[in-house]
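The lines below spell out each chain.
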Amino acid sequence: MAKTEIRSTVAGKVLTLDVEPGDLIQPGHTLFTIALDGNTEIRVPLDERNLSRLALKQKAAVIADAYPDQTFPAQINFIAPSIDPQRGTVEVRLTVDPVPEFLRQDMTVSVNVETDRRERALVIPNDALSSIKGNKAMVRLVRDGKIKHQQVTLGLRGLAMSEVVSGLSQGDQILADAESTLDEGARVRLNPQKTAFVNHADATDSKNELPVKFD
């Protein structure tokens, strides 16, 4: 009779029940799905190309698709030692504290990890960048009314803006559209845009964000 009783070896909450008393089961058959008691974690499969930017204790902002207006904090507490060769991803786990009341098991969330911060950064729109290789890129600089191709070195990369650590100076004028077909030396007439070049403290778009949305 002892073989007819199934006891959990861990404490937790039963999420799904896949069998009923009297059912005949086979080896490998899932009987229950249990959420372990303890810290609430978010598991994120991040692209392995972002691995060099990640570190333990980095902070993140999390948004649940079901509650898009209620952001809550999390912190990286585990980075897998191996890569998923099929997907090219690395598993990252984030601890949630405090846990919002609306959070449920298997919710779909978006995670934004802050990997670094600059008090002041010289940044340009990502649309102005071309021929990006590693931390190098090309921009079209305007000098004396003519186009000049200029290589720049990038720092932090954001969703909309990227930091430039060398190759440009404050006040330089660049073309906001990297897809322009204008050749070097072509004459242009500028229509300045205030957002084309900014330099200010805590520019949110200059953070090295790693957004992830997973099912």
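Everything numeric here is computed off the predicted structure, so don't read it as measured data. (Residues numbered from 1 in each chain as written. Predicted model: local features only at pLDDT ≥ 70, side-chain atom pairs only at ≥ 80, totals over all residues. Heavy atoms only, no water.)

## Structural notes on the confidence of the model for the protein
Part 1: When the pLDDT values of the protein are averaged, the result is 81; 87% of them are 70 or greater.
Part 2: Ignoring residues within four places in sequence, the model shows residues 196-215, a span with pLDDT below 50, making 77 contacts including any to other chains. (pLDDT = per-residue confidence, 0-100. Contact = heavy atoms within 4.5 Å.)

## Describing the nonpolar core
Part 1: By size, the foremost hydrophobic cluster in this structure holds 21 residues, and its most contacted members are Ile-42, Val-62, Phe-72, Val-92, Leu-94, Val-109 and Val-111.
Part 2: Those elements that place two or more of their residues in this core are strand E3 (40-47), strand E4 (59-64), strand E5 (67-79), strand E6 (89-96) and strand E7 (109-114).
Part 3: Considering every element that reaches this core, the biggest residue donor is E6, with 4 residues. (Core = buried A, V, L, I, M, F, W, Y, C linked by side-chain atoms within 4.5 Å. Buried < 20%, exposed > 50% of the residue type's maximum accessible area, 1.4 Å probe, protein only. Helix = DSSP H or I, 4+ residues; strand = E, 2+ residues; numbered from the N terminus.)

## Details of the pairing of strand E11 (residues 146-157)
Part 1: Bridge count for strand E10 (residues 136-143) against E11 is 8 bridges, and the pairing is antiparallel. Bridging from a neighbouring strand, Lys-136 pairs with Thr-153 of E11.
Part 2: Linking E10 back to E11 in an antiparallel pair, the connection comprises 2 residues, with Asp-144 at a positive phi of about 55 degrees.
Part 3: Here E11 runs beside strand E12 (residues 161-166); their pairing, made up of 3 bridges, is antiparallel. Paired with Arg-157 across the bridge in E12 is Ser-162.
Part 4: As consecutive antiparallel partners, E11 and E12 are separated by 3 residues. (Pairing = 2+ DSSP bridges.)

## Considerations on the pattern of salt bridges
When charged atoms on two side chains of opposite charge get close, those side chains can pair.
Part 1: Evaluation of the coordinates by the stated rule reveals 6 salt bridges.
Part 2: Where Glu-163 meets Arg-118, a salt bridge forms, and the shortest distance between an N and an O atom there is 3.4 Å. Linking Glu-163 in strand E12 with Arg-118 in the loop between E7 and strand E8 (120-125), this pair joins segments that are 45 residues apart in sequence.
Part 3: Given the relative accessible area of 30%, Arg-118 is considered partly exposed.
Part 4: Taken together, the shared-partner salt bridges connect Arg-43, Glu-91 and Arg-93 into one network. (Salt bridge = Lys/Arg side-chain N within 4 Å of Asp/Glu carboxyl O.)

## Some details on unusual backbone geometry
Part 1: For the bond running from Asp-97 to Pro-98, omega is 5 degrees, close enough to zero to count as cis.
Part 2: The residue Pro-98 is located in the loop between E6 and E7 in this model.
Part 3: The phi torsion at Lys-57 lies on the positive side, around 75 degrees, for a residue other than glycine.
Part 4: In this structure, Asp-144 is a non-glycine residue whose phi angle is positive, near 55 degrees.
Part 5: Positionally, Asp-144 belongs in the loop between E10 and E11.
Part 6: The exposure class assigned to Asp-144 is exposed, which follows from its relative accessible area of 77%.

## A closer look at the pairing of E5
Part 1: Judged from the 5 bridges that link them, E4 and E5 form a sheet pairing that is antiparallel. Within E5, the position partnered with Lys-59 by the bridge is Gln-75.
Part 2: Linking E4 to E5, which pair antiparallel, is a turn of 2 residues.
Part 3: Across 5 bridges, the pairing between E5 and E6 is antiparallel. Residue pairing across strands places Ile-76 opposite Leu-94, the latter belonging to E6.

## As for the packing of aromatic side chains
When we look at a pair of aromatic rings, we describe it by the centre distance and by the angle of the planes.
Part 1: Throughout the structure, instances matching the rule amount to 2 aromatic pairs.
Part 2: With a centroid separation of 6.0 Å and an interplanar angle of 70 degrees, the aromatic rings of Phe-72 and Phe-102 are classed as edge-to-face. Here Phe-72, found in strand E5, pairs with Phe-102, found in the loop between E6 and E7; they are 30 residues apart in sequence, far enough to count as distant. Each member of the pair Phe-72 and Phe-102 is classed as buried.
Part 3: Here the aromatic residues Tyr-67, Phe-72 and Phe-102 are joined through ring pairs into a cluster of three or more.
Part 4: In this structure, Arg-93 is placed above the aromatic ring of Phe-78, and the distance from its NZ or CZ to the ring centre is 4.3 Å. (Phe/Tyr/Trp six-rings, centres within 6.5 Å; stacked < 30°, edge-to-face > 60°. Lys NZ or Arg CZ within 6 Å of the ring centre and 35° of its normal.)

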